[in-house]
Amino acid sequence: MDAPVEAGSGPGPAIEARWLTKRYGETTAVDRLSIEVQRGEVFGLLGPNGAGKTTTILMLLGLTEPTSGLARVDGLDPTRSPLLVKSRVGYLPDEVGFYEDLTAVQNLRYTAELNRLSKAVAAERIERVLDDVGLTDAADTKVGAFSRGMRQRLGVADALVKQPSILILDEPTVNIDPEGVRELLLLIERLRTEQGVTVLLSSHLLHQVQQVCDRIGIFVRGQLRACGTIDALADEIGDRWTFAVGIDGPGSWEEVLARVPGVTAVTRHEGRWRVQADGDVRSAIHDAVVAAGGRFTHLSRDEADLDAIYHRYFVNEDGNGENGANGDSAA
Amino acid sequence: MRTVPTVTAQLELGAAAAAEPLFRGGWLIVARKELADHVQSIRFLVLVMLLALAGLAAVHSASGPIRAAADSASQTPSIFLYLFTLSPDRVPAFHEFLGILGPLLGIGFGFDAVNGERAQGTLARLVSQPIHRDEIINGKFVAGLTAIALALAAVMAIVGGYGALRLGVGPTWSDLARVVAFYLVAVAYIALWLALAILLSVLSTRAATAALTAIAVWLLFTLFGGLIAGIVADGVHKVDANASSEAVLANARLELNLRRIGPDQLYRDATGVLLNPSRQSTGILVNDTASGALPSDLPLADSLSLAWWQLMAIVGGAVALFAGAYVAFMRQEVRA
């Protein structure tokens, strides 16, 4: 009875874009974007505001036509089979809204009707998705009384009503509190593992989404600057070996650490030393500090750090103004 | 670089051909939801009450003189129709009230049709469901039209029923046919305002702007239209104390034709002949033309043909405005 969804059924990747381009007059919102999202993968499209993330999503949903290039969603061309694509893709728009005078259930029922679900199927699904997002208690409350976090969760429920094989979430973590973000990410992970849903999410907040994304694409000014696993990206910018070192005891530790062979940079970061090196220098650091009479309070290797990636790709971009006019208008 | 693997292309065609029929009739789903919203809204209640009160006042004041006249001249045909057209005591007749207040009904159900969804953030969700984009605006127009038809039917039933009660005379079959024709013209006239309001709701991002613009257009035609037409006519054909009757007539004709640019005059022309079987022209009656006319009632078909181009203009205007709204909506970006 859960008819039109064949999760992971079709051939090829769940989402595919090749040289996808969208121009609005002089501005190029999306510039020759090529990505592939495999089935069951969680892909993060990351970039600052105005990078063209939403435009890309709209093209994938067939809501705006690409100027050139090719898009495939579940093997379908969104421009030619928009209804079929939209019946398989759950979409949480940026700044999602609901009919304020209707209850959560009534809002979702409308979505179910638009997806041509029968009354019985709709009722059962709505109950389940509301449970998934933890809104069962608010099911018959008018959305007008909802907090932003609740609306966001209801938005996810709304995207899930059609039982999509692909979920596209546009800035899903914006405007919700940290606990809400955590719950949302857990839900995404659960959907992926339990139902094999493919997830494409866009965000400008890398920290919030890094833990759920299998791969990320860094998207700046309409162009994909880098794409891969977080580890691979960290490798790419030579930021693979970073250590946090906490030392108790007097001494000029910056010099001591800098003199350790292989260390390339030492900075002070949140009360600890932050050591960058070209390899695993933990034992050398240990020996040097102990030899200088220090006691460790902390020594760890940082996970490949999106902070560095962020700075490398976003902040530097903003710093040099040469592309300044390009793509700012597209959110 | 735009090579499409043929296998994918075929699969896609096959799948599309097989599955697209599943998604028919999206406009009906939209219309049903919108209509439910309309009918349950306070807006609907207020507008129906306003029209009903105005209608009752008009019919109440009309029924007194009709009763008095009917006692003396029982031969008068179509007494019932006088309920809608007679305006003693400076209270406008029902069809005039409707000409003035009807547009509010149309504006009320349309001014936030699209921009309301946009502002609420529901439009993005709506367009990402498996319905064609035009089904959204079609559904909304159908829902608005249905709400208007329902509201007007309710008001006319109340008003007509009350009038018949006061009069002690029910409508004859031919009266009823004329009332139905009047009803249809009124619905078309209000639909024109609905189409205008929906067009404005597409063009302007804010509902308040759309509502104010629509009301400005409404005021322009219903209130100032006559004034402006009068001033222009006076400028072209000077009328003073010793003006010839030709000049007076030319002045009046020009004023009337200018007023016909506005939909309210078209409506008044059409409903005037439809509700008054003895009227033989939509134009200005002077003794000259009237003296030659037979003092008999026209059949409904003849009354209709008298007002034919006015009817066409009203329907055409509504269609043109809706077409404008449709095109504007289809061309608009989802986030504008």
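Residues numbered from 1 in each chain as written. Chains lettered and ligands numbered in written order. Predicted model: local features only at pLDDT ≥ 70, side-chain atom pairs only at ≥ 80, totals over all residues.

A tally of regular secondary structure across chain A gives 11 helices and 13 strands. Burial statistics for chain A: of 331 residues in total, 45% are counted as buried. Residue pairs at least 24 apart in sequence account for 73% of intrachain contacts in chain A once pairs closer than 6 positions are excluded. (Helix = DSSP H or I, 4+ residues; strand = E, 2+ residues; numbered from the N terminus. Buried ≥ 20, exposed ≤ 12 C-beta atoms within 10 Å, placed from the backbone. Contact = placed C-beta atoms within 7 Å.)

Moving on to the overall build of chain B. Counting secondary structure elements, chain B contains 15 helices and 0 strands. Within chain B, buried positions represent 40% of all 336 residues. Counting contacts in chain B only where the partners sit at least 6 residues apart, residues at least 24 apart contribute 80% of the total.

Residues and elements named next belong to chain A. A large share of helix 1 (residues 53-60) lies buried, amounting to 8 of its 8 residues. Those residues of helix 1 that sit buried are Lys53, Thr54, Thr55, Thr56, Ile57, Leu58, Met59 and Leu60. Phi turns positive, to about 75°, at glycine 62, one or two residues after helix 1.

Residue and element names in this part refer to chain A. Summarising the element assignment, glycine 44 is placed in strand 3 (residues 42-46). A sequence separation of 18 residues divides glycine 44 from glutamate 26, and the C-alpha atoms of the two residues are 28 Å apart. Sequence-distant contacts of glycine 44, defined by excluding residues within four places in its chain, comprise Leu201, Ser203, Val209, Cys213 and Ile216.

Moving on: the pairing of strand 1 (residues 15-24) of chain A. All names here are of chain A. With 5 bridges joining them, strand 1 and strand 4 (residues 68-73) adopt antiparallel strand pairing. Bridge assignment links threonine 21 to a residue of strand 4, and that residue is serine 68. Where strand 1 and strand 2 (residues 27-37) come together, 7 bridges link them in antiparallel fashion. What sits directly across from isoleucine 15, in strand 2, is valine 37. From the end of strand 1 to the start of strand 2, which pair antiparallel, there are 2 residues, and glycine 25 there has a positive phi angle of about 60°. (Pairing = 2+ DSSP bridges.)

Attention shifts here to unusual backbone geometry. Residues and elements named next belong to chain A. Even without being a glycine, arginine 32 presents a positive backbone phi close to 45°. Unusually for a residue other than glycine, glutamate 95 sits at a positive phi of about 55°. Within the secondary structure, glutamate 95 sits in the loop between strand 5 (89-92) and helix 3 (104-114).

Residue and element names in this part refer to chain A. Helix length check: helix 5 (residues 148-160) (13 residues) gives 19 Å between terminal C-alpha atoms against 18 Å at 1.5 Å per residue, within 8%. With 10 of its 13 residues buried, helix 5 lies for the most part within the structure. Among the residues of helix 5, Arg151, Gln152, Arg153, Leu154, Gly155, Val156, Ala157, Asp158, Ala159 and Leu160 are the ones counted as buried. (Expected span 1.5 Å × (residues − 1).)

Right, let's get into the interface of chain B and chain A. Each partner contributes residues to the interface: chain B has 26 residues there, and chain A has 32 residues. Of all the secondary-structure elements, those providing two or more residues to the side of chain B that touches chain A are helix 1 (6-19), helix 2 (26-40) and helix 7 (123-127) of chain B. Broken down by class, the residue content of the side of chain B that touches chain A amounts to 13 nonpolar, 7 polar and 6 charged. (Nonpolar A, V, L, I, M, F, W, Y, C, P; charged D, E, K, R; others polar.)

One key point about sheets: their strands pair by backbone hydrogen bonds, in either a parallel or an antiparallel sense. All names here are of chain A. One open sheet accounts for 6 strands, arranged 5-6-7-3-8-9; its pairing is mixed. The open sheet has two edge strands, strand 5 and strand 9 (223-228), and neither has a second partner. On average, adjacent strands in this sheet sit at an angle of 15° to one another, irrespective of strand direction. Here strand 3 runs beside strand 8 (residues 215-220); their pairing, made up of 4 bridges, is parallel. In the sheet register, leucine 46 faces strand 8, and the bridge partner there is isoleucine 218. The strands touched by helix 5 within the sheet are strand 5 and strand 6 (166-170), with strand 5 carrying the most contacts at an inclination of about 165°. (Axes fitted to C-alpha atoms, helices over the stretch in contact; angles between N-to-C directions.)

Here we take up the confidence of the model for chain A. Do not read the predicted coordinates in detail wherever pLDDT is low. Residues and elements named next belong to chain A. For chain A, the average pLDDT comes to 85, and 88% of its residues sit at 70 or higher. Element-level mean pLDDT values for chain A span from 64 in helix 11 (residues 306-319) up to 97 in helix 3. For the stretch residues 1-8, pLDDT sits under 50, and the model shows 16 contacts to residues farther than four places along the chain or on other chains. Below pLDDT 50 for its whole length, residues 319-331 participates in 23 contacts with residues either more than four positions away or in separate chains. (pLDDT = per-residue confidence, 0-100.)

With that settled, the discussion passes to the packing of helix 3 of chain A against helix 5 of chain A. All names here are of chain A. Two numbers describe how helix 3 lies on helix 5: the axes approach to 9 Å, and their chain directions differ by 30°. The angle between the axes of helix 3 and helix 5 places the two elements in the roughly parallel class. By crossing handedness, the relation of helix 3 to helix 5 is classed as right-handed. Taking contact as the criterion, the partners of Ala104, Asn107, Leu108 and Thr111 in helix 3 are, on helix 5, Leu154, Ala157 and Asp158. (Parallel < 35°, antiparallel > 145°, perpendicular 65-115°, else oblique. Left-handed = near helix turned anticlockwise from the far one by under 90°.)

We now examine the environment of serine 87 of chain A. Residues and elements named next belong to chain A. Within the fold, serine 87 resides in helix 2 (residues 82-88). Owing to 24 C-beta atoms within 10 Å, serine 87 belongs among the buried residues under this scheme. Taking the C-alpha atoms as reference points, serine 87 and serine 165, 78 residues apart in sequence, are found 9.5 Å from one another.

The next point concerns the nonpolar core. Core analysis: the largest hydrophobic core is formed by 162 residues, its most contacted members being Ile148, Ala195 and Ile198 of chain B. Looking at which element gives the most residues to this core, the answer is helix 9 (residues 173-203) of chain B, with 19 residues. Setting aside anything within four residues of it in sequence, one finds isoleucine 198 of chain B in contact with Gly110, Ala113, Val114, Lys140, Phe141, Phe322 and Ala325 of chain B. Counting 13 residues, the second largest nonpolar core, distinct from the first, contains Leu257, Val263, Val275 and Ile285 of chain A. (Core = buried A, V, L, I, M, F, W, Y, C linked by C-beta atoms within 7 Å.)

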